[in-house]
Amino acid sequence: MSITVQDVINRLTGSTEPHASTVDRVVAGSEAAVVHGIAVTFAASHSVIQRTLQAGANLLISHEGVFYSHHEAEYEGMTESPVYQDKLRLIQFGKLTIYRFHDAPHRYVPDMITQGLVRALGYEDDVVKFLPTAAIVTLPEVMSVQDIAENVKKKLGIPYLRYIGNESSVCSRIGIAVGYRGGGSHAIPLCLNEQLDLLITGEGPEWETPEYIGDAAAQGRSLSLLLLGHAASEEPGMECVAGLLRDLFPDIPIHFIPSEPLIQVI
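Residues numbered from 1 in each chain as written. Predicted model: local features only at pLDDT ≥ 70, side-chain atom pairs only at ≥ 80, totals over all residues. Heavy atoms only, no water.

- Under an unreviewed UniProt entry, the name given to the chain is GTP cyclohydrolase 1 type 2 homolog, and the organism recorded is Paenibacillus vortex V453.
- Word for word, the UniProt comment on the chain under Sequence similarities (unreviewed entry) is "Belongs to the GTP cyclohydrolase I type 2/NIF3 family." (UniProt positions renumbered as here; feature names shortened; annotations may be inferred.)

## Quick look at helix H3 (residues 82-93)
Part 1 of the reasoning: For H3, with twelve residues, the first-to-last C-alpha span of 16 Å sits near the 16 Å given by 1.5 Å per residue.
Part 2 of the reasoning: Taken residue by residue, H3 has Tyr84, Lys87, Leu90 and Ile91 as its buried positions. Along the axis of H3, the buried positions cluster into a sector of 130°, meaning they face one direction only. Exposed side of H3, more than 90 degrees from the buried face: Pro82, Gln92 and Phe93 are the residues found there. (Helix = DSSP H or I, 4+ residues; strand = E, 2+ residues; numbered from the N terminus. Expected span 1.5 Å × (residues − 1). Buried < 20%, exposed > 50% of the residue type's maximum accessible area, 1.4 Å probe, protein only. Arc of directions from axis to C-beta.)

## Concerning the layout of surface pockets
Part 1 of the reasoning: Taken as a whole, the largest pocket spans an internal volume of roughly 1300 Å³.
Part 2 of the reasoning: Considering the residues around the largest pocket, the lining is formed by 37 residues, among which Gly229, His230, Ala231, Ala232 and Leu262 are closest to the centre.
Part 3 of the reasoning: Among the elements that make up the lining of the largest pocket, the one with the highest residue count is helix H9 (residues 230-248) (six residues).
Part 4 of the reasoning: Its residues assigned to classes, the lining of the largest pocket shows 18 nonpolar, ten polar and nine charged.
Part 5 of the reasoning: Each of domain 1 (5-107 + 234-256) and domain 2 (112-227) gives at least three residues to the lining of the largest pocket. (1 Å grid on protein atoms, 1.4 Å probe; cavity = no way out; pocket = protein on both sides within 12 Å on 5 of 7 lines; lining within 4 Å. Points joined across faces, edges and corners; volume = space filled by probe spheres on them. Nonpolar A, V, L, I, M, F, W, Y, C, P; charged D, E, K, R; others polar. Domains from an automatic or database assignment.)

## Structural notes on the environment of Val26
Part 1 of the reasoning: Note that Val26 resides in strand E1 (residues 26-28).
Part 2 of the reasoning: Residues Val26 and Gln115 lie 89 residues apart in sequence; the distance between their C-alpha atoms is 25 Å.

## Observations concerning the pairing of strand E2 (residues 38-41)
The side chains of a regular strand alternate between the sheet's two faces.
Part 1 of the reasoning: Burial along E2 is two-sided: Ile38 and Val40 facing one way and Ala39 and Thr41 facing the other are all buried.
Part 2 of the reasoning: Sheet analysis places E2 next to strand E3 (residues 59-62), joined by four bridges and oriented parallel. Each residue of the ladder has a partner; that of Ala39, found in E3, is Leu60.
Part 3 of the reasoning: Across three bridges, the pairing between E2 and strand E11 (residues 254-256) is parallel. Of the residues in E11, the one forming a bridge with Ile38 is Ile254. (Pairing = 2+ DSSP bridges.)

## Quick look at the packing of helix H1 (residues 5-13) against H9
Part 1 of the reasoning: The geometry of H1 relative to H9 is characterised by a closest axis approach of 11 Å and an angle of 110° between their N-to-C directions. Regarding the angle of H1 to H9, the classification is roughly perpendicular. In terms of crossing hand, the pair formed by H1 and H9 is right-handed. Residues Val8, Arg11 and Leu12 of H1 touch H9, and the partners they reach there are Val241, Leu244, Leu245 and Leu248. (Axes fitted to C-alpha atoms, helices over the stretch in contact; angles between N-to-C directions. Parallel < 35°, antiparallel > 145°, perpendicular 65-115°, else oblique. Left-handed = near helix turned anticlockwise from the far one by under 90°. Contact = heavy atoms within 4.5 Å.)

## Section: the pattern of salt bridges
Part 1 of the reasoning: Per the counting criterion, the structure on display carries eight salt bridges.
Part 2 of the reasoning: In this structure, the salt-bridge partner of Arg181 is Asp111, at a minimum N-O distance of 3.0 Å. With Arg181 in the loop between strand E8 (170-177) and helix H7 (184-193) and Asp111 in the loop between helix H4 (103-107) and helix H5 (112-121), this pair connects stretches of sequence that are 70 residues apart. Each of the two residues, Arg181 as well as Asp111, counts as buried.
Part 3 of the reasoning: A salt bridge links Arg119 to Glu124; the shortest N-O distance between them is 3.4 Å. (Salt bridge = Lys/Arg side-chain N within 4 Å of Asp/Glu carboxyl O.)

## A word on the UniProt feature "binding site: a divalent metal cation" (unreviewed entry) in the chain
Part 1 of the reasoning: The positions that UniProt labels "binding site: a divalent metal cation" (unreviewed entry) are, in the present scheme, His63, His230 and Glu234. A maximum C-alpha distance of 11.3 Å places the annotated residues, which cover 172 residues in sequence, within one compact spot. Lining residues of the largest pocket, restricted to the annotated ones just named, are His230.
Part 2 of the reasoning: Residue position: His63 is located in the loop between E3 and H3.
Part 3 of the reasoning: Among the polar contacts made by the side chain of His63, one reaches the side chain of His106 at a distance of 3.3 Å.
Part 4 of the reasoning: Along the chain, His230 turns up in helix H9.
Part 5 of the reasoning: A polar side-chain atom of His230 sits 2.7 Å from a polar atom in the side chain of Glu203. (Polar contact = N/O pair within 3.5 Å; in protein donor to acceptor, adjacent residues only side chain to side chain.)

Okay, here's the thing in structure tokens:
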């Protein structure tokens, strides 16, 4: 029996009807296309699309948008841009369907993207609760921020972290929040309400949470922040999506395609 793109979407979302408010949709290609292979990634970059086609997949499931906007908004002049045109030609040449799978995994209970990061960091047994937008971890023994940072880099395979706080402080209660949930309106109340020693998150405006953590450190308080970057924080969750698809569709080749490091330190 042939499996279509729409069949895959229905199994992933648990519904045949789209959510009333969502960015999740087919961005390129067709819901009616028969699926021969599936690739899963954090962001459908030009390089990821090339590797998807090389793997023989004709459905790419991407957490983030394809054309540089959360809502796939067309910036002025964007569709005439040679970057846009070359990417679109590659998608069309490969007869590739791209499905944006962003909101639905965040609506899983617990949030699949958060759960993926918790698992990748090795904190599954230390979670005391999952909130809708974060996980709270209590370590069995206190650790220094430096030791936690080194462990995070090793577990995620990333060369550096951005840090704010007091490096001499020790931590036992950690908040984990993925993606853009490092913004002040989410992160600062989380630190206060959960009495955190450390927040590990993706990113957020630099003048919000980092300034708050910096002021706390200047006042001698033991509160720290580790910024992983958006991709590093959410990619493990998309690897979980690939695992789920292997369970749902054992006869279809499923490929997880990691993003290549985008931002370099010079």
